[in-house]
Amino acid sequence: MKYYDKLIFELSREGRSGYSLPENKFGHCLKELPKALRRPAAPELPKVSEIDVVRHYTNLSQMNFGVDTGFYPLGSCTMKYNPKINEEIAALPGFNGLHPLQPEATVAGAKAVYEGMDKALAAITGMAGFTFMPCAGAHGELTGLMIIREYHRRRGDTARTKIIVPDSAHGTNPASAAVCGLEVVEVKSNANGLVDVEALKPLLGPEVAGIMMTNPNTLGLFEKDIKEIAALVHECGGLLYYDGANMNPLLGVVRPGDMGFDVMHLNLHKTFSTPHGGGGPGSGPVGVAKHLVDILPDVKVSGFNGNFGVILRAYAYILMLGRENVKLAGKYATLSANYIKESLKDCYKLPIPSVCKHEFVYDGLIDDGASKAPDGHGATTLDVAKRLLDFGFHAPTIYFPLLFHQALMIEPTETESKETLDDFIEVMRKIAAEAAENPMILRDAPHCTPIRRPDETTAARNPILKYQDSICE
Amino acid sequence: MGTFAYFPHTDEDIRLMLERIGAGSLDELYGDVPRDFVFKGEYNLPEAMSEQQVRDFFSALEAKNTKLKVFVGAGAYDHYTPSVIPYITSRSEFLTAYTPYQAEISQGTLRYIFEYQSVICSLTGMDVSNASMYDGPTAAAEAVRMILACTKKKTRVLLSKGLLPNVQKVVETYSKFHGDQIDYIDLEGGLTSLESLKKELAAGDVAGIIVPAVNRYGIIEDYSGFADAVHEAGGVVVEYCDPSALAVIKTPADWGFDIAVGDGQPLGIPLCFGGPYVGFMACRKDYVRKMPGRIVGQTTDSEGRCFVLTLQAREQHIRREKATSNICSNESLMALFVTVYASLMGAEGLKKVNCLSFSGAHYLYEELLKTGKFAPVFDAPFLKEFVLKPLVPVEKLQKKLLEGGYFAALQTEEGYVSFCVTEKHGKEEIDALVELVKEVEQ
């Protein structure tokens, strides 16, 4: 990847433009607006021709890595292949051109998409019904927690203001709970990386609204005590929330509804193959058990109908999968993860050796080469991640979960071939050998990317957050 | 096992992989899952379709929708999307990338977000923009918590009744669960009332207010005196804006406000039945550490200028329950729509878009009044959207328009009907709409 160092603002030339608009035939003009309401000076925007825009963004795109570029073993992110038919469906003008407030009779096709998805997701998860309003996973969590609070409120049980969250949970769980006005109570993991049932028991009581669980959890481990946990939480009057970020290994194998979960969200941009778009748009539909379906319409968390364009893509994926292939998706994801896990445990510390689901965690290098470094510091997980970039792989998720200091969290997904996994394994071995021999190769990595490691400290200390700030420098 | 286009596993691969793992079968990998939780039934899903069948399936659904000439706004505006936008935004390097945490291989995403932040700051006049939020209404809802974080001892946030109904509803939903007290500022003559605001401010507990730049009736608000009143009372002012309109009307900065939120949809994003759109949030420099969401900043590597995600100590993956928000994934790709759109249009193009919309809307307004089927409601300046009082039954009016292929005359709570005109609608289309209206009987 080559480096291209321009901002669109820097291409600006007086007298250029990139738009084409019709003539004004109405005989009105903005000057008719009172001066007191008009903008005194025009906004500073680029003045560029169409070709400038096309070349600029094409050049920018070439400094980016996507799923279509290469392997993305990013733990808890489920970077699976994004099928191209999905894009074609989402771009159909008969969907793309619909106004969200159009009369019911003129949007029957769009409604059918929601109904079809509702049924399909219910079948896959064992929940009774879904709301499609949430625009991302964290948004789904917040919506699900609102539903839990509303359930207790309707029963007149307003004392339930605490939510239990395992220490291995995604950061969004406690953050969503806080936004929902709930107090977070952390439950510890046991030595096997699972929720400690004995530690959970004393936390339960009449103030508990529920528990948020990720199953398999962020170590990729199936919470096998879930039956007992569900019984305990329900017994104390709380509800169970399922964080669907890690749904992929259960796709086609286990349904959250059958495990006793009352509320869950799905990330359509993970489990259901829609592209991440550099950080969104996603979609985080929330499913609920039968006794909570009535609450769904009362939780209005976004402007219109949620991210319809994303929902369309996911529906196309589900129809391609069908009832046969859905049963293989989760299993293949699990197979791939275990395959990598077993292939590298002689070079990377494997703190939890048991069978994993879609992802697993190494705790850094076995030999970090500290003795070979001039300053006595070996290569860290960050260094391994950066070195991977040189070999054309995206880095795994690093330093998460917080349970291990050198966490390196790997999730390969079911859409990668054995050859790709073998290439990755080979490179990871090579990196481990480099570390043992000369850790400085890793500590100075990446060497072959468009930029070297950026200075993050200065970025935060002296924030330059827009073009106008940068020219004042 | 049959083959499937998205699963590259051959029987041989599976065998070899299981061998390395030391497992006898795929099912054995689920040995830790209690048996009664493994789903044994048939999934109630259709049989797998071929790609062509999927295409036919959606073509059939698409045909059940009616593509209308859209003369309604109410938070989703039918502006033209230049062809460069889908061309660029569908490039897989942008489309299939993850959040740019690995800056070394994400300079494309980071750079366009930095440009997006610059565009939003230019349009709003604010110092700092975040990298995007879900949509306009959720940005407003997040602004409530930001207001309260900026003014620790005050407890109440006021919303103008002129905000779009869906914005009010989403703010109410978030606030109800977070436990924030929301009250309203009344309207007078279709405009947010300074008098009503002052009455509320007198209570001394107002942390801030959210007011629309262009309100639910399409009226451009005059906020002379608002910033001073709220600031004197120790509060913060948030303006909910249509960023396209901000190219020609006074910005929140011009009014002396502190935070700008809204939906970027009018900047090149297709209607798409309500989403994906993109919420934006921008603020004065002093408030940046209270702002939710990701932010991209400029820095250097050993070679020179580059870009990174910065000020992450505000975010959920670092602060967990103490974060400024729970937002993680946002609407990054939609921010690219906005950035490409703003680059193509420039200030001049945006001004022309507004001028065409304004002119078309005023032409329609006059022509509709001439039909004698409407009475004016407010005597206040509007941009591209307006309301009228229908003198004919609304159902008949809407039915007639619909038969003619128009989505127009959306009924408001008060029984008015609203219209919106953008640059996409030429004079012929408007004239034909007016002809249909003339045929509506009592």
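Residues numbered from 1 in each chain as written. Chains lettered and ligands numbered in written order. Predicted model: local features only at pLDDT ≥ 70, side-chain atom pairs only at ≥ 80, totals over all residues. Heavy atoms only, no water.

So, on to the state of the cysteines. Under the defined criterion, the tally for this structure stands at zero disulfides over all chains. C283 of chain B supplies the cysteine sulfur nearest to C121 of chain B, a cysteine that is in no disulfide, at a spacing of 8.4 Å. Given the relative accessible area of 3%, C121 of chain B is considered buried. C328 of chain B takes part in no disulfide bond, and the closest cysteine sulfur to it belongs to C77 of chain A, at a distance of 7.8 Å. (Disulfide = S-S within 2.5 Å. Buried < 20%, exposed > 50% of the residue type's maximum accessible area, 1.4 Å probe, protein only.)

Next up on the list: the nonpolar core. Here is a general trend for soluble globular proteins: nonpolar side chains tend to be buried in one another's company. Grouped together as the largest cluster of nonpolar side chains are 127 residues, with contacts concentrated most on F272 and Y348 of chain A together with F58 of chain B. At 20 residues, the largest contribution of residues to this core is made by helix α9 (residues 308-343) of chain A. With residues near it in sequence (within four places) discarded, F58 of chain B still touches I89, L92, F95, V113, L312, Y315, A316 and L319 of chain A. In this structure, V53 of chain A together with L201, V308 and M334 of chain B belong to the second largest nonpolar core, which totals 95 residues. (Core = buried A, V, L, I, M, F, W, Y, C linked by side-chain atoms within 4.5 Å. Helix = DSSP H or I, 4+ residues; strand = E, 2+ residues; numbered from the N terminus. Contact = heavy atoms within 4.5 Å.)

Let us now look at the sheet that holds strand β6 (residues 263-266) of chain A. Picture the strands of a sheet paired through backbone hydrogen bonds; they go either parallel or antiparallel. Residue and element names in this part refer to chain A. In space, the seven strands of this open sheet follow the order β1-β7-β6-β5-β4-β2-β3, with mixed pairing throughout. In this open sheet, the two edge strands, each paired with only one partner strand, are β1 (129-131) and β3 (183-187). Between one strand and the next, the sheet's axes are offset by a mean angle of 25°, whatever the strand orientation. By the bridge criterion, three bridges tie β1 to strand β7 (residues 286-288) in an arrangement that is antiparallel. Following the sheet pairing, G129 is matched in β7 by V288. (Pairing = 2+ DSSP bridges. Axes fitted to C-alpha atoms, helices over the stretch in contact; angles between N-to-C directions.)

Next up on the list: the interface of chain A and chain B. Taken together, the contact between chain A and chain B spans 204 residues of the former and 184 residues of the latter. With both chains or domains summed, chain A and chain B bury close to 16,800 Å², and 65% of this area falls on carbon and sulfur atoms. The tally of links from chain A across to chain B stands at ten salt bridges. As a salt-bridge pair, E42 of chain B and K327 of chain A come within 3.3 Å of each other at their nearest N and O atoms. At the boundary of chain A and chain B, one finds 97 residue pairs in polar contact (both at pLDDT 80 or more). (Buried area = accessible area lost by both parts, 1.4 Å probe. Salt bridge = Lys/Arg side-chain N within 4 Å of Asp/Glu carboxyl O. Polar contact = N/O pair within 3.5 Å; in protein donor to acceptor, adjacent residues only side chain to side chain.)

Another point: helix α13 (residues 427-438) of chain B. Residue and element names in this part refer to chain B. The first and last C-alpha atoms of α13 sit 16 Å apart over twelve residues, in line with the 16 Å expected at 1.5 Å per residue. Along α13, the residues that are buried comprise I430, L433, V434, L436 and V437. Here the buried residues of α13 occupy an arc of 155° about the axis, which is enough to place them on one side. Here the buried face of α13 lies against α11 (332-370), β13 (374-376), α12 (394-403), β15 (406-407) and β17 (417-420). (Expected span 1.5 Å × (residues − 1). Arc of directions from axis to C-beta.)

This part is about the domain arrangement of chain B. With domains assigned, chain B is organised as domain 1 (11-50), domain 2 (69-79 + 346-438) and domain 3 (84-341). Measuring from the centre of the C-alpha atoms in domain 1 of chain B to the corresponding centre in domain 2 of chain B gives 57 Å. (Domains from an automatic or database assignment.)

Turning our eyes to something else, we now look at the side chain of R255 of chain A. Looking at where R255 of chain A falls in the secondary structure, it is placed in the loop between β5 (239-244) and β6. Apart from residues no more than four positions distant in its own chain, R255 of chain A is found in contact with A122, A123, I124, T125 and G126 of chain A together with F37, F39 and Y43 of chain B.

One water molecule sets the probe size; rolling that probe over the atoms shows where empty space is left. The volume enclosed by the largest pocket comes to roughly 1,100 Å³. Looking at the largest pocket, it is lined by 46 residues, and the ones nearest its centre are T397, I398 and F400 of chain A together with Y101 and H317 of chain B. At the level of secondary structure, the elements contributing two or more residues to the lining of the largest pocket comprise α5 (137-154), α10 (381-390) and β9 (397-398) of chain A together with β12 (305-310) and α10 (316-319) of chain B. Counted by class, the lining of the largest pocket contains 20 nonpolar, 18 polar and eight charged residues. Size it by volume and the second largest pocket reaches roughly 720 Å³. In this structure, the second largest pocket is lined by 33 residues; those nearest its centre are A90, A91 and N96 of chain A together with P270 and F337 of chain B. Looking at the lining of the second largest pocket, the elements with two or more residues in it are α2 (84-90), α3 (93-96) and α9 of chain A together with α3 (84-89) and α11 of chain B. (1 Å grid on protein atoms, 1.4 Å probe; cavity = no way out; pocket = protein on both sides within 12 Å on 5 of 7 lines; lining within 4 Å. Points joined across faces, edges and corners; volume = space filled by probe spheres on them. Nonpolar A, V, L, I, M, F, W, Y, C, P; charged D, E, K, R; others polar.)

Take the packing of helix α4 (residues 108-125) of chain A against α9 of chain A next. Two quantities define a packed helix pair, namely the angle between the helix axes and the distance between the axes. Residues and elements named next belong to chain A. Two numbers describe how α4 lies on α9: the axes approach to 10 Å, and their chain directions differ by 45°. One element, α4, and the other, α9, form an angle in the oblique class. Here α4 and α9 pass one another in a crossing that is left-handed. In contact with A110, A112, V113, Y114, G116, M117, A120, L121 and I124 of α4, α9 contributes F308, I311, L312, A314, Y315, I318 and V326. A per-class count over the contact of α4 with α9 returns 15 nonpolar, one polar and no charged. (Parallel < 35°, antiparallel > 145°, perpendicular 65-115°, else oblique. Left-handed = near helix turned anticlockwise from the far one by under 90°.)

Splitting chain A by domain gives domain 1 (8-61), domain 2 (84-321) and domain 3 (330-458). When each unit is reduced to the centre of its C-alpha atoms, the spacing between domain 1 of chain A and domain 3 of chain A is 46 Å.

Residue and element names in this part refer to chain A. Across the ten residues that make up α10, a large majority, nine, are buried. At its buried positions, α10 is contacted by β9, β10 (407-410), α11 (418-437) and α12 (440-443). One side-chain oxygen of the residue at the start of α10 lies 3.3 Å from the amide nitrogen of L382, identifying that residue as T380. At the C-terminal side of α10, G392 shows a positive phi close to 80°.

Put simply, F400 of chain A and P401 of chain A share a cis peptide bond, and its omega is -5°. By the secondary structure assignment, P401 of chain A is in the loop between β9 and β10. Note the cis peptide between G275 of chain B and P276 of chain B, where omega equals 5°. Mapping P276 of chain B onto the fold places it in the loop between β9 (259-263) and β10 (279-283). In this structure, T78 of chain A takes a positive phi of about 45° despite not being glycine.

With that settled, the discussion passes to the sheet that holds β10 of chain B. Strand order in the open sheet formed by seven strands is β2-β10-β9-β8-β7-β3-β4 (chain B), and the pairing between neighbours is mixed. This sheet does not close on itself; its edge strands, each paired only once, are β2 (128-129) and β4 (181-185) of chain B.

Taken as a whole, this structure holds 52 salt bridges over all chains when the rule is applied. Residue R443 of chain A is joined to D375 of chain A by a salt bridge in which the shortest nitrogen-to-oxygen separation is 2.6 Å. On the criterion of sequence distance, the pair formed by R443 of chain A in helix α12 and D375 of chain A in the loop between β8 (360-363) and α10 is long-range, its members being 68 residues apart. Of the residues examined, R443 of chain A reaches a relative accessible area of 22% and is grouped as partly exposed. With a closest N to O distance of 2.7 Å, K161 of chain B and D186 of chain B form a salt bridge. With K161 of chain B in the loop between β3 (156-160) and α7 (165-178) and D186 of chain B in the loop between β4 and β5 (187-188), the pair connects residues that are 25 residues apart, well separated along the chain. Ionic contacts of the salt-bridge type, sharing partners, join the residues E150, R153, R154 and D298 of chain A together with K176 of chain B into one network.

Moving on: empty space enclosed by the protein. Residue and element names in this part refer to chain B. Applying the stated rule across the entire model yields eight cavities of 30 Å³ or more. Its boundaries defined by the atoms lining it, the largest cavity holds a volume of some 240 Å³. The residues that make up the lining of the largest cavity include at least three from each of domain 2 (69-79 + 346-438) and domain 3 (84-341). Around the second largest cavity sit Y217, I219, Y365, F378, A380, F382, F386 and V387, which together line it. The class makeup of the residues in the lining of the second largest cavity is eight nonpolar, no polar and no charged.

This part covers the packing of aromatic side chains. Residues and elements named next belong to chain A. According to the stated counting rule, one finds 42 aromatic pairs over all chains in the structure shown. Residues F9 and Y467 carry aromatic rings whose centres are separated by 4.8 Å and whose planes lie at 15° to one another, so their mutual orientation is stacked. In this pair, F9 is assigned in the segment before α1 (50-61) and Y467 in helix α14 (residues 467-472), connecting sequence segments 458 residues apart. Taken as a pair, F9 and Y467 share a single burial class, namely buried. Taken together, a centroid distance of 6.4 Å and an interplanar angle of 80° make the contact between F272 and Y317 edge-to-face. Remark: Y317 occurs in helix α9 and F272 occurs in the loop between β6 and β7; sequence separation between them is 45 residues. (Phe/Tyr/Trp six-rings, centres within 6.5 Å; stacked < 30°, edge-to-face > 60°.)

Position of E342 of chain A relative to the elements: it lies in helix α9. Given a relative accessible area of 17%, E342 of chain A falls into the buried group. At 3.0 Å, the side chain of E342 of chain A and the side chain of K341 of chain A are in polar contact. The residues contacting E342 of chain A, other than those within four sequence positions of it, are P353 of chain A together with R20 and I21 of chain B.

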